[in-house]
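Descriptive structure summary
The primary structure of each chain is shown beneath.
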Amino acid sequence: MASSPLSLLLFSLFLLLLHQPLSTSSTLPKSTLFRPTLISQPTPSITTTITDTPITPYFEVTKPIKLPDTKPCSYLVLRHDFAYTYSKPPVLANYTPPSDCPHQDFAKIVLEWTATCKGRQFDRIFGVWLGGVELLRSCTAEPRSTGIIWTVQKDITRYHSLLMTNQTLAVYLGNLVDSTYTGVYHVDISVHFYPAAVGLNNGEANLGNSADLILPISRNLPLNDGLWFEIENSTDVESKKFEIPRNAYRAVLEVYVSFHENDEFWYTNLPNEYISANNLTGTAGNGAFREVVVRLDGTLVGAVWPFTVIYTGGVNPLLWRPITGIGSFNLPSYDIEITPFLGSIVDAKIHEFAFSVTNALNVWYIDANLHVWLDKTGMKTEGQLLSHTSLEPIISLVSNFTGLNGNFFTSSSRSVSSIGWVKSSHGNITTNTTQTFNFSNFMVMGNHGNLQIVNQIIDFNSSVHAQMPTSSTHAIESFKRFPLYLYSNSVDKGNNTSKFVTNLTLGFSEERVAASGFGFLFSSLKNLQNAQGIMLVKGNLVVSGIGSTQQAYQYDGSKFCYFRTVSSSNYTILYDKVGNTCSKKFRPRVGFGLAKWLPFSGQRALTSVFRDNKKLH
């Protein structure tokens, strides 16, 4: 469940589904509403031999990082054993940039996290920061008595300017170790610097180089927790003041988001009217809609409608062994283009970003990194916001329930758009940004409140078009869809024993195009998991159960393609096929919105790229 050990908390999705048949009594035992401290395996006796079983590798299915054909300069930046670290300061290390590489021109920089653990432990959320800038948000795997290992590799090339200066590395992983929860996380963190090959064109470098400066929009050390802000409720606002150089000509805010405790499964939270009508206490409410709102000096500049990451103890912990949930080892971050607003903040004055979460319950962890591009001539830039539109989201709830059974349909939409210009030595650049969101959640409650079905879709689309003085365009368009289907039912078997049945479909898809001048890069990602689980729980002990997961991952890009289909059942891989062929269905639909921003020759080039792509198949 990847939350703070204070919660230890909601037993996956069953925080709502109630482990025993619900009554309408407001004195309903709290243990039926919140995750018990489930023990998924008994403690091995002294006579048990576990050394014969090999350590189990866990993994998240994702495409490999495309690396140049050069030998990396690799550095171990932290080695630490995270035992009892809850409510203690983050682990710190001095970071210095590489000095002994043959070249200082790096085509790719990769962060690598490797951890082992043995025994019993809950999933724990953790973060890695460099100079207060978050590089990785992740969740630990839940171990077994024979031991596990997992590795996360993340492309951190966009943080190049930060990585070239002396900094303080901070890692917070709040773990508890006692007589019951025995797992200690043994962690190595390394950074691999891949020098650029002579004459290498890695495809993405000319479509927006990494920023010249990255400012942390996070809490300052010292702390006894992570550097993230904690959003406790729907009225809570957390903020950070900052100042940027006067020669900035572009800015992007990268936002990290994770949700925990009463909002770990926010997409299953019940409407307050249902909770009130049934006199329920301790039940997570405020309905199933959430959004993260970002404001600059009080003005809403963007939003995040987050992907529904399920942590390694979530829904049914048996599902995520050894295949983990989409995004759980490398939570996504979300970019918001700030460039149209630069004219109001390149004034050598203090400004402020603020974060809030619509309908939030405790607790959301949020921070951000401000990526800033600087005019190399040192010229002071100026700019102006030409237009900005941001209406409050339209949220609709249709309820139909009698007692504990019924259904609810929640829908919402929002759009944010901004246009502004910035004048620098590059000339006068006009940037047009848009975000559009659509949300639908259909929820069914049955079996006297013990059965819940959730069918949800989030569409999260964004575009950035920067018109250059030379009539060329730098542009990015992204179309994301996050589908979720969840069936969960609990049956009282008597003798303090319950059976839990779960069926889950979780997806993350994105179509993306980037353009600069007359160069284009297209990509399409379709990532889908199906999972089925049954658990028999007596007290807080999982006495038997089975979890099965199947996943299909297909990435099609201008530079390379990758697919993987894999399935598992209770730690065992049943099928695993990997390849690098493109999908025959790869037909990019994004990019045609660029046409009105391109000169006529650029429009012809764009059309040609689409035509040539189809010929490949």
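Residues numbered from 1 in each chain as written. Predicted model: local features only at pLDDT ≥ 70, side-chain atom pairs only at ≥ 80, totals over all residues. Heavy atoms only, no water.

**A short note on the state of the cysteines**
- Tallying each qualifying case throughout the model produces two disulfides.
- Each sulfur in the disulfide pair C73 and C101 lies 2.2 Å from the other. A residue pair is termed long-range when its members are at least 10 positions apart, and C73 in strand β2 (residues 73-82) and C101 in the loop between β3 (91-95) and β4 (106-117) qualify at 28 residues. Both residues of the pair, C73 and C101, count as buried.
- Across the disulfide from C561 sits C582; the S-S distance is 1.9 Å. Between C561 and C582 the sulfur-sulfur dihedral comes to about 75 degrees; the bridge is accordingly right-handed. Of this pair, C561 sits in strand β28 (residues 561-569) while C582 is found in the loop between β29 (572-579) and α4 (600-615), placing the two residues 21 residues apart along the sequence. (Disulfide = S-S within 2.5 Å. Helix = DSSP H or I, 4+ residues; strand = E, 2+ residues; numbered from the N terminus. Buried < 20%, exposed > 50% of the residue type's maximum accessible area, 1.4 Å probe, protein only.)

**Digging into the nonpolar core**
- Residues I244, L253, F353, W364 and L370 are the most contacted members of the largest nonpolar core, which totals 91 residues.
- Element by element, the count of residues in this core is highest for strand β18 (residues 364-374), at seven residues.
- Once residues lying within four places of it in the same chain are set aside, the contact partners of L253 are I217, V294, Y334, D335, I336, I338, F353, F355, A368, N369 and L370.
- Formed by 43 residues, the second largest nonpolar core is a distinct cluster that contains Y58, V77, V171 and W373. (Core = buried A, V, L, I, M, F, W, Y, C linked by side-chain atoms within 4.5 Å. Contact = heavy atoms within 4.5 Å.)

**Observations regarding unusual backbone geometry**
- Note that the residue after R321, namely P322, is joined by a cis bond; omega there is 10 degrees.
- Note on placement: P322 falls in the loop between β15 (299-304) and β16 (333-337).
- Look at N447: it is not a glycine, yet its phi comes out positive at around 50 degrees.
- Its place among the elements puts N447 in the loop between β22 (427-446) and β23 (451-467).
- Its identity as a non-glycine residue notwithstanding, N495 has a phi of 55 degrees, on the positive side.
- Residue classification places N495 among the exposed residues on the basis of a relative accessible area of 60%.

**Some points on the sheet that holds strand β7 (residues 148-155)**
- Read across the sheet, five strands follow the order β1-β7-β4-β9-β2 without closing on themselves; strand pairing throughout is mixed. Two strands close off the open sheet at either side, each with one partner strand: β1 (56-58) and β2. The average undirected angle you get between the axes of adjacent strands in this sheet is 20 degrees.
- Bridge count between β4 and strand β9 (residues 185-195): ten bridges; the pairing is antiparallel. Within β9, the residue paired with T114 across the bridge is D188. (Pairing = 2+ DSSP bridges. Axes fitted to C-alpha atoms, helices over the stretch in contact; angles between N-to-C directions.)

**Overview of the confidence of the model for the chain**
- Here the chain averages 87 in pLDDT, and 84% of its residues register 70 or above.
- A low-confidence stretch, residues 3-37 (pLDDT under 50), is modelled with 132 contacts involving residues beyond four sequence positions or located in other chains. (pLDDT = per-residue confidence, 0-100.)

**Quick notes on the side chain of E142**
- As for its position among the elements, E142 is in the loop between β6 (133-139) and β7.
- In terms of polar contacts, E142 uses its side chain to reach the backbone amide nitrogen of D123, at 3.3 Å.
- Contacts of E142, omitting those with residues within four sequence positions, involve Y58, Q121, F122, D123, I148, T312, G313, P317 and R321. (Polar contact = N/O pair within 3.5 Å; in protein donor to acceptor, adjacent residues only side chain to side chain.)

**A short note on the pattern of salt bridges**
- Per the stated rule, a full pass over the model turns up 17 salt bridges.
- The salt bridge involving E134 is made with R137; its shortest N-O contact spans 2.7 Å.
- For E134, a relative accessible area of 0% translates into the label buried.
- With its nearest N and O atoms 3.9 Å apart, the salt bridge here joins R512 to E510.
- On the basis of relative accessibility, which here comes to 34%, the residue R512 falls in the partly exposed class.
- Among the ionic contacts, a cluster of salt bridges with common partners joins E134, R137 and D367. (Salt bridge = Lys/Arg side-chain N within 4 Å of Asp/Glu carboxyl O.)

**Things to note about the sheet that holds strand β12 (residues 238-242)**
- With respect to topology, four strands assemble into an open sheet ordered β12-β17-β14-β15, the strand pairing being antiparallel. Unpaired on one side and paired on the other, β12 and β15 mark the two borders of the sheet. Taking each pair of neighbouring strands and ignoring which way they run, the sheet shows an average axis angle of 20 degrees.
- Examined bridge by bridge, β12 and strand β17 (residues 351-358) share five bridges and lie antiparallel to one another.

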